[in-house]
Amino acid sequence: MARDLARAFDASPNPYTMPTRDFCYAGVNQAYLDVVGRTREELIGRNLFELFDGGGQSAQARENERRLKASFERVLNTGEPDHLALIHYPIEVTDPDGRTRIEDRYWSATHTPIRDVDGEVAYILQHTTDITELQNLRQRVSGDRDQATVTDLLSSNVLARAEHLQSDNLRLQSERNRLLDIFMQAPGFIAVLTGPDFVFQMHNEAYAELTGHRPLNGRPVAEAMPELAAQGFLDLLKQVRETGEAFEGRAMPVELGSGEGGPLRTHYLDFVYQPLRDGEGQVAGVFVQGHEVTDVVEAGNRQKLMIDELNHRVKNTLATVQSIAMQTARTHAEPATFAQAFQARLMSLSHTHNLLTRSHWEGADLAEVLAHETEAHGSTRILPNGPVVSLSPAQALSIGMIFHELATNAAKHGVLRSGDGRVLVDWTLLDGAVSLTWREIDGPAMVPPLHRGFGSRLIDRNVRHDLAGECRLDYSGDGLIFSLTFPLERTES
Amino acid sequence: MSVSGLEGRKVLIVEDESLVAMLLETMLEDMGCTVFGTAGRVQEALEMLGGDTLPDVALLDVNVAGQTVYPVAEELDRRGVPAVFSTGYGQGGLAEGWVGRPTVQKPYTEAMIRDALMRVLGVRNA
């Protein structure tokens, strides 16, 4: 472990040295040796200030040395890291020809306390960076003003300020990173737009997800998200910029492409456009923040649709029952026979509903509807013969009522009155049209034929109105023959 | 029982439920009205209004076989024929732009239909 750390320390591209409490080199890494142009043997165990005295015997050199030592002592006294944002510290270097000379150097250093097992500061870890380029800058600039700025920058006065700023910056940097983390991982979408063209400065993962992971940063809204401009959102952004007042959108529909130029999809968003002000109080940008409420809005719409549909069906069913009651009453003056006929018709409707409920209201098979509506008369007496015909719910309800009226009529006036009578129900499906025949045989001749009663009107109406088909009633010597033709797929004209 | 003021009036019925249409026909015949026609589809109703003869008044189910009846209502408005809407939801069942039009809520009684027709035809109750 310790060896690994030592290797990592030595391999670091950053120059590190580790003086003891009395400023003797206890450790240095290769990067440090490179920057000062010395070998390890020349340094280890030697006093730092003996080897590097700040640049000779001048007052400036003594001041340089004093400042570096002061920083070390602050670390030893406080046990806290100390920063030297900028320090002028010339060192002695050896040229390739073997001659030594003093070379002007500028450094920026961080001094960190390293404690022993008792918690006492035993070493100072120095991370130092050669920033001599700044001096070169001073030599290059010619204008008085720039010269003054650089001189000012390098003076101790500014150095103190720089140091101060540096520690503030470190604190702000960590605060900023923390905020940025929260910002990037927030479940809501966030974006920062600046300038009159609303250029994306940053956006978080949720925003990227919403907009289909298209390139955004550095691009104006109109270019990166052209679909927004067409929907008036660019005008809203301009309004926020001009008035300085936030805009709040509640469950607002927004058509967004899934990626750049992708197909549009409607999203419902709760969001705020918040003006961002600069130091002078002018609106410099817009902070966009919000979350998607599409699921909530769609669930609400679905629920409303379902309630409306339920209401429509219930009210229609009540009106249907009312109609059956009123019309049954017209042909049944006696309360007893009225109740019987009325209930039978309600049960007929209910049977078809049961069938449809079983298929989740997707439809029903014609043979099944027939079996349900006629089972009261015995399965051996009504003989079905035909292919599978899938009826829509509306068709199933109509056919159900028709079979009920036919069977009731046959039981009351037709072949089902006596024990021998039977009904042959044959159907074919050809070119999308159903042809069906209800043929009563082997029974007593029909005494008053089915006509002009509610039953026949209901059959006639159902066939024309609900099935868009045709029907006719004939009487043979045996009994009633009902022929029906209707299209399976009703085409809207 | 024939109702004075409604006798002989030609009424267009737009209603997709056969049984409900039959109920209306029965009620209207009882009042002495003539059924101008019964349409179960919007298109069918528009075809009925295509000729020279027009009904005096219309009873319109708002939701007809999955379509809304408003194209028929617009045509009636254009030709100056008054209409009564019938819906499962009362006034709340009318779309924007039609709210406030005479409406009867399902299920309805003969008296409700009679009063609504008399109101839109401007016939005073005797």
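If you're wondering where the values come from, they're calculated on a predicted model, not measured in any experiment.

Observations regarding a nonpolar patch on the surface
(1) Moving on: Among the surface-exposed residues, L310, V314 and L318 of chain A lie close enough to one another that they form a single nonpolar patch of about 270 Å² accessible area.
(2) Moving on: Assignment of secondary structure puts V314 of chain A in helix 13 (residues 294-331).

Quick word on the sheet that holds strand 2 (residues 34-39) of chain B
To summarise the sheet geometry, strands pair through backbone hydrogen bonds and adopt either a parallel or an antiparallel arrangement.
All names here are of chain B.
(1) Moving on: Pairing within the open sheet is parallel, and its 5 strands lie in the order 2-1-3-6-7. Among the strands making up the open sheet, the edge pair consists of strand 2 and strand 7 (103-105). In this sheet, adjacent strand axes meet at a mean angle of 20° when their direction is disregarded.
(2) Moving on: This element, helix 4 (residues 110-121), spans strand 3 (57-61), strand 6 (83-87) and strand 7 of the sheet and lies at about 130° to strand 3.

Examining the interface of chain B and chain A
(1) Moving on: In this complex, chain B contributes 29 residues to the contact, which on the side of chain A involves 25 residues.
(2) Moving on: Summing the contributions of chain B and of chain A, the shared interface buries around 2400 Å²; its carbon and sulfur component is 51%.
(3) Moving on: Its largest share of buried area at the contact with chain A, chain B owes to L19, M22 and R41 of chain B, together 27% of the area lost on that side.
(4) Moving on: Scanning the region where chain B abuts chain A turns up 2 salt bridges.
(5) Moving on: Between E25 of chain B and R461 of chain A there is a salt bridge, with its nearest N and O atoms 2.4 Å apart.
(6) Moving on: There are 9 residue pairs in polar contact (both at pLDDT 80 or more) connecting chain B and chain A.
(7) Moving on: Every element with two or more residues in the side of chain B that touches chain A is listed here: helix 1 (18-31), strand 2 and helix 2 (42-48) of chain B.
(8) Moving on: A per-element tally of the side of chain B that touches chain A places helix 1 of chain B first, with 10 residues.
(9) Moving on: Tallied by class, residues from the side of chain B that touches chain A come to 10 nonpolar, 10 polar and 9 charged.

Let's talk about the packing of helix 1 of chain B against helix 4 of chain B
Residue and element names in this part refer to chain B.
(1) Moving on: Following both chains from N to C, one finds helix 1 and helix 4 inclined at 65°, their axes separated by 10 Å at the closest point. Between helix 1 and helix 4 lies a crossing of right-handed hand. Between helix 1, through L24, M27, L28, D30 and M31, and helix 4, the contact on the second element is made entirely by E110, I113, R114 and L117.
(2) Moving on: Each residue belonging to the contact of helix 1 with helix 4 can be placed in one class, and the counts come to 6 nonpolar, no polar and 3 charged.

A few points about the pattern of salt bridges
All names here are of chain B.
(1) Moving on: Summed over all chains, the structure comprises 26 salt bridges over all chains.
(2) Moving on: Ionic pairing is found between R79 and E75, a salt bridge with its closest N-O pair at 3.9 Å.
(3) Moving on: Judged by its relative accessible area of 19%, E75 is buried.

Observations concerning the environment of D115 of chain B
(1) Moving on: Tracing the sequence through the fold places D115 of chain B in helix 4.
(2) Moving on: Distance from D115 of chain B to V104 of chain B, taken between C-alpha atoms, is 9.7 Å for residues 11 residues apart in sequence.

Overview of helix 5 (residues 59-78) of chain A
Residues and elements named next belong to chain A.
(1) Moving on: With 20 residues, helix 5 extends 28 Å from end C-alpha to end C-alpha; this agrees with the ideal 28 Å at 1.5 Å per step.
(2) Moving on: Those residues of helix 5 not exposed but buried are A61, N64, R67, L68, S71, F72, V75 and L76.
(3) Moving on: A positive backbone phi angle near 75° is found at G79, which sits one or two residues after helix 5.

Quick look at the layout of surface pockets
Empty pockets left among the atoms are what a rolling probe the size of a water molecule brings to light.
(1) Moving on: Empty space within the largest pocket amounts to approximately 980 Å³.
(2) Moving on: Lining the largest pocket are 34 residues, and of these P393, A394 and L397 of chain A together with D16 and E17 of chain B sit closest to its centre.
(3) Moving on: Secondary structure elements with two or more residues in the lining of the largest pocket: helix 13, helix 14 (335-358), helix 16 (393-412) and helix 17 (454-466) of chain A together with helix 1 of chain B.

What counts and what doesn't
- Residues numbered from 1 in each chain as written.
- Chains lettered and ligands numbered in written order.
- Predicted model: local features only at pLDDT ≥ 70, side-chain atom pairs only at ≥ 80, totals over all residues.
- Heavy atoms only, no water.
- Patch = residues over 30% accessible without salt bridge, like charges linked within 9 Å, V, L, I, M, F, W, Y side chains within 5 Å.
- Areas by Shrake-Rupley, 256 points an atom, 1.4 Å probe, with all protein chains shown as cover.
- Salt bridge = Lys/Arg side-chain N within 4 Å of Asp/Glu carboxyl O.
- Helix = DSSP H or I, 4+ residues; strand = E, 2+ residues; numbered from the N terminus.
- Pairing = 2+ DSSP bridges.
- Axes fitted to C-alpha atoms, helices over the stretch in contact; angles between N-to-C directions.
- Contact = heavy atoms within 4.5 Å.
- Buried area = accessible area lost by both parts, 1.4 Å probe.
- Polar contact = N/O pair within 3.5 Å; in protein donor to acceptor, adjacent residues only side chain to side chain.
- Nonpolar A, V, L, I, M, F, W, Y, C, P; charged D, E, K, R; others polar.
- Left-handed = near helix turned anticlockwise from the far one by under 90°.
- Buried < 20%, exposed > 50% of the residue type's maximum accessible area, 1.4 Å probe, protein only.
- Expected span 1.5 Å × (residues − 1).
- 1 Å grid on protein atoms, 1.4 Å probe; cavity = no way out; pocket = protein on both sides within 12 Å on 5 of 7 lines; lining within 4 Å.
- Points joined across faces, edges and corners; volume = space filled by probe spheres on them.

So far we have only geometry, and geometry alone does not tell us how the molecule works.
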